[in-house]
Amino acid sequence: MDRTIGILGAMAQEIDEVKALLTNKTVIKIANREFVVGKINGIACVVAFSKWGKVAATITAALLVQEFGVTDLFFIGTAGALADGLKVGDIVISKRLVQHDLDARPMISRFELPLLNRIYVNSDPGLTELAGKAVSNLLEKGVGHVVGEAAVKEFNLAPQLYFGDIASGDQFINSSEKRNEILSLLPDVMCVEMEGAAVAQVCLEFNVPFTVIRTISDTADHNARVDFGKFIVEVANAYSRAIVGEIMQLV
Ligand code: ADE
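Residues numbered from 1 in each chain as written. Predicted model: local features only at pLDDT ≥ 70, side-chain atom pairs only at ≥ 80, totals over all residues. Heavy atoms only, no water.

In total, this model carries 16 salt bridges according to the counting rule given. The closest approach of N and O atoms between Asp72 and Arg3, which form a salt bridge, is 2.8 Å. You can see Asp72 sitting in strand β5 (residues 72-81) and its partner Arg3 sitting in the segment before β1 (5-9), a full 69 residues away along the chain. Residue classification places Asp72 among the buried positions, given a relative accessible area of 4%. We classify Arg3 as partly exposed; its relative accessible area is 34%. Between Glu193 and Arg214 there is a salt bridge, with its nearest N and O atoms 2.9 Å apart. Note that Glu193 is positioned in strand β9 (residues 189-193) and Arg214 in strand β10 (residues 210-218), a separation of 21 residues in sequence. Of the residues examined, Arg214 reaches a relative accessible area of 1% and is grouped as buried. (Salt bridge = Lys/Arg side-chain N within 4 Å of Asp/Glu carboxyl O. Helix = DSSP H or I, 4+ residues; strand = E, 2+ residues; numbered from the N terminus. Buried < 20%, exposed > 50% of the residue type's maximum accessible area, 1.4 Å probe, protein only.)

Quick look at the structure:
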């Protein structure tokens, strides 16, 4: 079966950079969303801005699957670091996704997905490995040529690649109390964002392989808001384009 690769991004500017990689583009609008259909390296792709938060990302992911028949889904974006040692500019690829704000106790246990009998959704091992190779290739070349040496200096970038659990919720986490609370309940979680676990649930129910790639933009504490905006403009957009470019060499 021919593959159609879905690429979703959490920030409009990030996904604009990815759209620039597409040839033979057609834009299709559904539900206030733009889906850009085209090819990268001759492979059919559909690229869309997920919009922010779990509900918005769920709508976009479900449309990608149902309307465009994507066979594989990559989600790319930024995240706040929870794990010790994670630094701004590092990249985390998902092993498992969890919704840190889901709580239907006492009917079921905390974080459990209703009627799905699980807390975590596993990302696809094959796509996760492929994304890992793509990011490693990028890191070997050095990110200086992607973001410019000035940004490398400004953000002290010495990026490392990690594989681990990612938590999603409908909150931008920017306090030590909140980040520590999540970490105390879900100690294996490496970073926090607002869409990945929702997209994972869509992919689980539609049986579509997926993985999530997140660049650390902040440390999810009181500095988060300040770091975040600057990082998106100066680093994350270029990272996304370069990572997707590397992925599409390997698909
Ligand atoms: N995305 C990037 N940083 C984040 C944070 N601190 N909280 C939630 N989502 C994020």
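Another aspect to go through is the environment of Lys230. Tracing the backbone through its elements, the reader meets Lys230 in helix α8 (residues 224-250). Taking the C-alpha atoms as reference points, Lys230 and Met1, 229 residues apart in sequence, are found 42 Å from one another. For Lys230, the contacting residues outside a window of four places in its chain are Glu154 and Phe155. (Contact = heavy atoms within 4.5 Å.)

Let us look at the site of the ligand. Taken together, 13 residues lie near the ligand, and Gly80, Phe172, Ile173, Glu193 and Asp218 sit nearest. Gly80 is positioned such that a nitrogen or oxygen atom in its backbone is 3.3 Å from a nitrogen atom of the ligand. Asp218 is positioned with one of its side-chain polar atoms (N or O) 2.6 Å from a nitrogen atom of the ligand. Taken by itself the ligand offers 260 Å² of open surface, and the protein chains cover 97% of this. Looking at the shell around the ligand, the elements with two or more residues in it are β5, β9 and β10. Partitioned by chemical class, the residues of the shell around the ligand number seven nonpolar, four polar and two charged. (Near = heavy atom within 4 Å. Polar contact = N/O pair within 3.5 Å; in protein donor to acceptor, adjacent residues only side chain to side chain. Areas by Shrake-Rupley, 256 points an atom, 1.4 Å probe, with all protein chains shown as cover. Nonpolar A, V, L, I, M, F, W, Y, C, P; charged D, E, K, R; others polar.)

Time to look at the environment of Ala48. Its location among the elements puts Ala48 in strand β4 (residues 43-49). Accessibility expressed as a relative area gives 0% for Ala48, which makes it buried. For Ala48 and Met1, which are 47 residues apart along the polypeptide, the C-alpha to C-alpha distance reads 23 Å.

Where burial is concerned, most of strand β6 (residues 91-99) is hidden: seven out of the nine residues are buried. Both β6 and strand β7 (residues 121-122) contribute to a ladder of two bridges, which runs antiparallel. Each residue of the ladder has a partner; that of Arg96, found in β7, is Asn122. (Pairing = 2+ DSSP bridges.)

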